[in-house]
Amino acid sequence: MPELPEVETVVRGLRAEVVGRRFVSVELLRGDRFRPDGQALVAGLLHRQAVAARRLGKVFFLDLDDDLTLTGHLRMTGQFRVQDPLIERAPHTHLILGLDDGRELRWRDARRFGWLHLGATADSSALPEVVKLGADALAMPREAFLEALRGSRRAIKALLLAQDIVAGVGNIYADEILHRAGVNPRQASDTLSPARARKVHEAMLGILEAAIAASGSSVSQYVDVSGEAGSFQQSHRVYGRAGQRCAKCASAIVREVIASRGTYYCPHCQRLR
DNA sequence: GTCGATGTTATCAA
DNA sequence: TTTGATAACATCGA
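This one's a predicted model, so the numbers in the text were calculated from it and none came from an experiment.

Draft legend 1. Structural context of the overall build of chain A. In terms of regular secondary structure, chain A is built from eight helices and 13 strands. Computed over its C-alpha atoms, the radius of gyration of chain A comes to 20 Å, within 12% of the 19 Å expected for a compact globule of 273 residues. Judged by the C-alpha coordinates and their principal axes, chain A covers about 60 × 35 × 30 Å. The buried share among the 273 residues of chain A stands at 51%. Pairs at least 24 residues apart make up 64% of the contacts formed inside chain A by residues separated by at least 6 positions. Accessible surface for chain A amounts to roughly 12,000 Å². Of this, 48% is attributable to carbon and sulfur atoms.

Right, dumping it as structure tokens:
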């Protein structure tokens, strides 16, 4: 489901709704995607207070008192919701944290690709899923980005998706970024002119910031912690629009599999060079 | 009912 | 080095 803008929206929601709250109860319904294990989360989270929320790429961190941190990844369908206990629990709800204001923080994940990890705050950045991340897409200096592009012969789309190079861009935003930059997704990364590489970087920042301002994209069932859908899907120029007219040139958007992912682009304004 | 695709990523083979 | 296939799993639409 979620890429950097959606994770950022969730983190902001946690900051607004959960930080400052204490967990007064913990209910585990299914713990097979939790580390060290479900019981460790139950025991470790009970009576803790959330003190901060942050993220790196698509990985989020909920810092707690006692120098603990709940780290996690939504992968495809992971979801945090803050809800009244009277509201019926959605299917695939796996963990429920009772908050000291009477509400509940609920974690659900239909496909169960997502994960949560509880450990010392100091160790949270040493998790294998975190250590291997490249620079956050919003914080990566332009020069470092250009250098990364020059250093690889892979298709530019694959580069944008490589979390060890630049963290946070996923399939939707990679396509939107390349369309805004006018770059073909198959273009070998090291063959981009400096000017075009700069355009890709500029488009990456522009698209991600605009998507955050719109609270992310809801193409299927993504919602933030308050249950609100994002609205950036209304601004998608290529993603999911095969057969429709390009907003720039009116050519038909096509869909092809590139870098093993469904890829949408305009063959006219995103020519291979 | 079947098939293919889905916003993610780890792993393994070529 | 890089790519592609496969796997994890559930749901939705054709």
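Draft legend 2. Broad picture of the nonpolar core. Counting residues in hydrophobic clusters, the biggest one holds 31 residues, and the most contacted among them are Phe 145, Leu 160, Val 169, Tyr 173, Ile 177, Val 200 and Met 204. Of all elements in the fold, only helix H5 (142-150), helix H6 (156-161), helix H7 (171-181) and helix H8 (194-213) reach the threshold of two or more residues within this core. For this core, the element with the highest residue contribution is H8, accounting for eight residues. Those residues within four positions of Phe 145 in sequence are excluded, and the remaining contacts are Met 140, Leu 160, Ala 197, Val 200, His 201 and Met 204. Of all hydrophobic cores here, the second largest spans 30 residues; its members include Val 42, Ala 50, Val 82 and Trp 107.

Draft legend 3. The arrangement of a positive patch on the surface in detail. Together, Arg 180, Lys 199, Arg 237, Lys 248, Arg 271 and Arg 273 line one region of the surface with positive charge. Judged by relative accessible area, which is 62%, Arg 273 ranks as exposed.

Draft legend 4. Fine view of the protein's contact with DNA strand C. With respect to spatial proximity, the complete set of residues near DNA strand C consists of His 92, Ala 110, Arg 111, Arg 112, Phe 113, Ser 152, Arg 153, Arg 154 and Ala 155. Within 4 Å of the protein, atoms of DNA strand C come from sugar and phosphate in 57% of cases. Within the backbone of Arg 153, an N or O atom sits 3.3 Å from a phosphate oxygen of DNA strand C. Among the residues forming the surface near DNA strand C, the class breakdown is three nonpolar, two polar and four charged.

Draft legend 5. Up close: the packing of H5 against H8. For the pair H5 and H8, interaxial distance at closest approach is 10 Å and the crossing angle is 125°. If you check the angle between H5 and H8, you find them oblique. Considering the relative orientation of H5 and H8, their crossing is right-handed. Contacts between H5 and H8 pair Arg 142, Phe 145, Leu 146 and Leu 149 from the former with Ala 197, Arg 198, Val 200, His 201 and Met 204 from the latter. For the contact of H5 with H8, a count of residues per class yields six nonpolar, one polar and two charged.

Draft legend 6. Examining the side chain of Lys 157 more closely. Take Lys 157: it is sitting in helix H6. Every residue in contact with Lys 157, bar those within four places of it in the chain, is listed here: Asn 171, Ala 174, Asp 175, Leu 178, Pro 185, Ile 258, Ala 259, Arg 261, Gly 262 and Thr 263.

Draft legend 7. How the structure looks around the environment of Cys 269. The topology assignment puts Cys 269 in the segment after strand E13 (261-265). Taking C-alpha positions, Cys 269 is 37 Å from Gly 227, a pair spaced 42 residues apart along the chain. Cys 269 has contacts with His 179, Gly 182, Cys 246, Lys 248 and Cys 249, leaving out every residue within four places of it along the chain.

Draft legend 8. Main features of the pairing of strand E8 (residues 104-109). E8 sits mainly inside the fold: five of its six residues count as buried. Inspection of the sheet shows strand E6 (residues 78-83) paired to E8 by six bridges, in the antiparallel sense. Across the sheet, the residue bridging to Gln 79 is Arg 108, located in E8. Taking the residues that link successive antiparallel strands as the turn, the strand E7 (residues 93-99)-E8 hairpin has four residues, and the phi of Gly 102 there is positive, at about 95°.

Draft legend 9. Representation of the packing of aromatic side chains within the structure. Within the structure shown, the criterion is met by five aromatic pairs. An angle of 35° between the planes, with centres 6.0 Å apart, marks the rings of Tyr 173 and Phe 232 as tilted. With Tyr 173 in helix H7 and Phe 232 in the loop between H8 and strand E12 (254-258), this residue pair connects regions lying 59 residues apart in the sequence. Looking at Phe 232, the relative accessible area reads 5%, which means it is buried.

Draft legend 10. Layout of the sheet that holds strand E2 (residues 34-35). Ordered by their spatial adjacency, five strands build an open sheet running E2-E9-E5-E4-E3, and the pairing between neighbours is mixed. Edge positions in the sheet fall to E2 and strand E3 (50-56), since each has one partner strand and no second. Summarising the sheet, E2 and strand E9 (residues 115-120) pair through two bridges and their orientation is parallel. When the sheet's bridge partners are listed, Arg 35 is paired in E9 with His 117.

What counts and how
Residues numbered from 1 in each chain as written. Chains lettered and ligands numbered in written order. Predicted model: local features only at pLDDT ≥ 70, side-chain atom pairs only at ≥ 80, totals over all residues. Heavy atoms only, no water. Helix = DSSP H or I, 4+ residues; strand = E, 2+ residues; numbered from the N terminus. Rg over C-alpha atoms; globule rule 2.2 N^0.38 Å. Buried < 20%, exposed > 50% of the residue type's maximum accessible area, 1.4 Å probe, protein only. Contact = heavy atoms within 4.5 Å. Areas by Shrake-Rupley, 256 points an atom, 1.4 Å probe, with all protein chains shown as cover. Core = buried A, V, L, I, M, F, W, Y, C linked by side-chain atoms within 4.5 Å. Patch = residues over 30% accessible without salt bridge, like charges linked within 9 Å, V, L, I, M, F, W, Y side chains within 5 Å. Salt bridge = Lys/Arg side-chain N within 4 Å of Asp/Glu carboxyl O. Lys, Arg positive; Asp, Glu negative; His and termini not counted. Charge placed at Lys NZ, Arg CZ, Asp CG, Glu CD. Near = heavy atom within 4 Å. Polar contact = N/O pair within 3.5 Å; in protein donor to acceptor, adjacent residues only side chain to side chain. Nonpolar A, V, L, I, M, F, W, Y, C, P; charged D, E, K, R; others polar. Axes fitted to C-alpha atoms, helices over the stretch in contact; angles between N-to-C directions. Parallel < 35°, antiparallel > 145°, perpendicular 65-115°, else oblique. Left-handed = near helix turned anticlockwise from the far one by under 90°. Pairing = 2+ DSSP bridges. Phe/Tyr/Trp six-rings, centres within 6.5 Å; stacked < 30°, edge-to-face > 60°.

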